[in-house]
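# Structural description and commentary
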Amino acid sequence: MQNLVRELRSALHWSQGELGERLGVSRQTVNAIENGKYDPSLPLAFRIASVFERRIEDIFTPDRGDR
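Quick look at the structure, then. It should be emphasised that the depicted structure is a prediction, and the values quoted were computed from it without experimental measurement.

## Regarding the pattern of salt bridges
Under the counting rule described, the total for this entry stands at four salt bridges. Across the pair Arg9 and Glu34 runs a salt bridge whose closest N-O atoms are separated by 2.5 Å. Remark: Glu34 occurs in helix α3 (residues 27-34) and Arg9 occurs in helix α1 (residues 5-11); sequence separation between them is 25 residues. Since its relative accessible area comes to 10%, Glu34 is described here as buried. A salt bridge links Arg55 to Glu57; the nearest nitrogen and oxygen atoms lie 3.2 Å apart. Through salt bridges with shared partners, one network takes in Arg6, Arg9 and Glu34.

Rendered as structure tokens:
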């Protein structure tokens, strides 16, 4: 899955740690999501969307092989 978490976080000048605090996860989890090493659970994806005031599908898109 591809995502825009890094771009959205950077636009707000938040560190990975700051975003992690807002989401209730570790900085390492944010890093793993941004680097495509971890796909968030549905509840976490909803929290991410809420923090950025976007729809989940505006942040996360399937890789071509995932379709």
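Picking up where we left off.
## Looking at the packing of helix α2 (residues 16-23) against α3
Running from N to C, α2 and α3 cross one another at 105°; their axes reach a closest spacing of 8 Å. Relative to α3, α2 is oriented roughly perpendicular. Contact residues: α2 offers Gln16, Gly17, Leu19 and Gly20, while α3 offers Arg27, Val30, Asn31 and Glu34. Across the contact of α2 with α3, the residue classes tally to two nonpolar, four polar and two charged.

## Side note on the nonpolar core
Judged by nonpolar contacts, the single largest core of 15 residues is most densely connected at Val5, Leu19, Ile33, Ile48, Phe52, Ile59 and Phe60. Sorting the residues of this core by element identifies α1, α2, α3, α4 (42-52) and α5 (56-59) as the ones contributing at least two each. The greatest single-element share of this core, amounting to five residues, is contributed by α4. Beyond its immediate chain neighbours, meaning those up to four positions away, Ile59 contacts Gln2, Asn3, Leu4, Val5, Leu8, Ile48, Ala49, Phe52 and Arg54.

Reading the values: rules and limits
- Residues numbered from 1 in each chain as written.
- Predicted model: local features only at pLDDT ≥ 70, side-chain atom pairs only at ≥ 80, totals over all residues.
- Heavy atoms only, no water.
- Salt bridge = Lys/Arg side-chain N within 4 Å of Asp/Glu carboxyl O.
- Helix = DSSP H or I, 4+ residues; strand = E, 2+ residues; numbered from the N terminus.
- Buried < 20%, exposed > 50% of the residue type's maximum accessible area, 1.4 Å probe, protein only.
- Axes fitted to C-alpha atoms, helices over the stretch in contact; angles between N-to-C directions.
- Parallel < 35°, antiparallel > 145°, perpendicular 65-115°, else oblique.
- Contact = heavy atoms within 4.5 Å.
- Nonpolar A, V, L, I, M, F, W, Y, C, P; charged D, E, K, R; others polar.
- Core = buried A, V, L, I, M, F, W, Y, C linked by side-chain atoms within 4.5 Å.

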